[in-house]
Amino acid sequence: MEFKHISVMYNECIEGLNINPEGIYVDGTLGGAGHSRGILERLTSGKLICNDLDTMAIENAKKVLGDKLDKVIFLHDDYKNLVYNLDQMGIDKVDGILLDLGVSSPQIDDPNRGFSYSKPAPLDMRMDTEQELDAKAVINGYSEEELAKIFFEYGEEKLSRKIARAIVREREKEEITTTDRLANIIERCYPQGYRFKHGHPAKRVFQAVRIEVNGELEGLYDFIYNVALRLKVGGRMAVITFHSLEDRIVKNAFIELEKDCICDKRLPVCVCNKRQEVKIITKKPLVATEEELANNKRAESAKLRIIERV
Ligand SMILES: C[S@@+](CC[C@H](N)C(=O)[O-])C[C@H]1O[C@@H](n2cnc3c(N)ncnc32)[C@H](O)[C@@H]1O
């Protein structure tokens, strides 16, 4: 299968990273390697660490970055292990980090991966196909309360309880193993005239299950905070998010990193030792232009936030 992914806010990311041609960069979410290629084209003696949980992304990048591989170090891991991996490689500080969170188009489009509610497929949704927990285990193994909780928290789904109840009822008849059966159960929880009012009715539950399966929000705040401290002074980190839960976490981590002294103002001297670590470059997140949206609908919910180490 051809690996086709249009990089979101490509120019904004590459310009936003303010690339030092001799620097060390990290693309934590390699995907189709579009952003990676952009970074590599600006490097002379610099290096790029290309990381992804998905072996398919790494194998594809080995082909599409063929002429630039001498500058690339591949890592097949969770980006949340980046600080540890930098230590393992003996790299103290880097010049820039890019994170383009979420799923790539080939992951959504590949019917075998089970990410999409619009294609019949086995319920899977794992970014790392070597991982044990998949969507089938969540849908058939979690209690009704646990399901309702993740649908509400990760999908902001208003009918979370009703959908969880329907899933439990249905799985008692027969295990739910496919995306289309799950989508159909969700669809029937909505009154007919209302079903497609806010996009596909299964959209929010599928997002929630994907977040749960891949632990997307777990440890994200701490990771963003800690990895930013591994930037050299003047180094930048750019993060693209695709839903409000993720964006809120990134935004809050950036705000915390930017804060200087958080002592009670009535204290005569600072006792907290908190110092400003970064400057926020994007006071408001950047979003895709109309022109980009005309070519790539998947950029619709994207938000790009950039910080610079001080
Ligand atoms: C939106 S795509 C990146 C697209 C890429 N920027 C490009 O230009 O083609 C997101 C990628 O991040 C990967 N990914 C998601 N969560 C990850 C994690 N926790 N650790 C490592 N990779 C992850 C996915 O496997 C996917 O390939």
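Residues numbered from 1 in each chain as written. Predicted model: local features only at pLDDT ≥ 70, side-chain atom pairs only at ≥ 80, totals over all residues.

Caption draft 1: Here's a closer look at the packing of helix α7 (residues 144–155) against helix α8 (residues 160–173). Close contact between α7 and α8 brings their axes to 8 Å; oriented N to C, the two are set at 140°. What the angle tells us is that α7 and α8 run oblique. Judged by the sense of rotation from one axis to the other, the crossing of α7 with α8 is right-handed. Along its contact with α7, which presents Glu 144, Leu 147, Ala 148, Phe 151 and Phe 152, the element α8 presents Ser 160, Arg 161, Ile 163, Ala 164, Arg 165, Ile 167 and Val 168. (Axes fitted to C-alpha atoms, helices over the stretch in contact; angles between N-to-C directions. Helix = DSSP H or I, 4+ residues; strand = E, 2+ residues; numbered from the N terminus. Parallel < 35°, antiparallel > 145°, perpendicular 65-115°, else oblique. Left-handed = near helix turned anticlockwise from the far one by under 90°. Contact = placed C-beta atoms within 7 Å.)

Caption draft 2: Molecular detail of the domain arrangement of the protein. Partitioning the protein into domains gives domain 1 (10–102 + 218–309) and domain 2 (131–214). Each of domain 1 and domain 2 has a C-alpha centre, and these two points are 31 Å apart. (Domains from an automatic or database assignment.)

Caption draft 3: Region of interest: the pairing of strand β3 (residues 72–75). In this structure, strand β2 (residues 47–51) lies alongside β3, joined through four bridges in parallel fashion. Bridging across to β3, Leu 48 finds its partner in Val 72. Crossover β2 to β3 through helix α3 (residues 55–64) is right-handed. (Pairing = 2+ DSSP bridges. Right-handed = clockwise from strand over helix to strand, strands pointing away.)

Caption draft 4: Here's a closer look at the nonpolar core. Grouped together as the largest cluster of nonpolar side chains are 48 residues, with contacts concentrated most on Met 9, Ile 39, Ile 97, Ala 228 and Ala 238. Not counting residues within four places of it along the chain, the set of residues in contact with Ile 97 comprises Val 26, Gly 28, Val 227, Leu 231 and Met 237. Tyr 117, Phe 151, Tyr 154 and Ile 211 belong to the second-largest nonpolar core, a separate cluster that totals 27 residues. (Core = buried A, V, L, I, M, F, W, Y, C linked by C-beta atoms within 7 Å. Buried ≥ 20, exposed ≤ 12 C-beta atoms within 10 Å, placed from the backbone.)

Caption draft 5: Here's a closer look at the environment of Thr 44. Tracing the chain through its elements places Thr 44 in the loop between α2 (34–41) and β2. A C-alpha to C-alpha distance of 8.7 Å links Thr 44 and Gly 23, two positions 21 residues apart in sequence.

Caption draft 6: Structural detail: the site of the ligand. Around the ligand, the structure places 21 residues, and the nearest of them are Ser 7, Thr 29, Gly 31, Gly 32 and Gly 34. Residue composition of the shell around the ligand, by class: six nonpolar, ten polar and five charged. (Near = placed C-beta within 6 Å. Nonpolar A, V, L, I, M, F, W, Y, C, P; charged D, E, K, R; others polar.)

Caption draft 7: Looking closely at the sheet that holds strand β7 (residues 303–309). Ordered by their spatial adjacency, seven strands build an open sheet running β3-β2-β1-β4-β5-β7-β6, and the pairing between neighbours is mixed. On the outer flanks of this sheet lie β3 and β6 (278–280), each paired with one strand and no other. If you compare each strand with its neighbour and ignore which way they point, the axes differ by 15° on average.

Caption draft 8: Region of the structure containing helix α10 (residues 203–214). Compared with the 16 Å implied by 1.5 Å per residue over twelve residues, the 17 Å span of α10 between its first and last C-alpha is a close match. In terms of residue burial, α10 counts as a mostly covered element, since eleven of its twelve residues are buried. Buried within α10 are the following residues: Arg 204, Val 205, Phe 206, Gln 207, Ala 208, Val 209, Arg 210, Ile 211, Glu 212, Val 213 and Asn 214. Where the residues of α10 are buried, they touch α6 (135–141), α7, α8 and α9 (179–187). Gly 215 sits one or two positions beyond α10 and adopts a positive phi of about 50°. (Expected span 1.5 Å × (residues − 1).)

Caption draft 9: Geometry of unusual backbone geometry. Even without a glycine there, the phi angle at Met 125 is positive, about 70°. Within the secondary structure, Met 125 is located in the loop between α5 (105–109) and α6.

Caption draft 10: Local environment of the environment of Glu 216. Along the chain, Glu 216 falls in the loop between α10 and α11 (220–228). Here the alpha-carbon distance between Glu 216 and Gly 102, two residues 114 residues apart in the chain, equals 8.1 Å.

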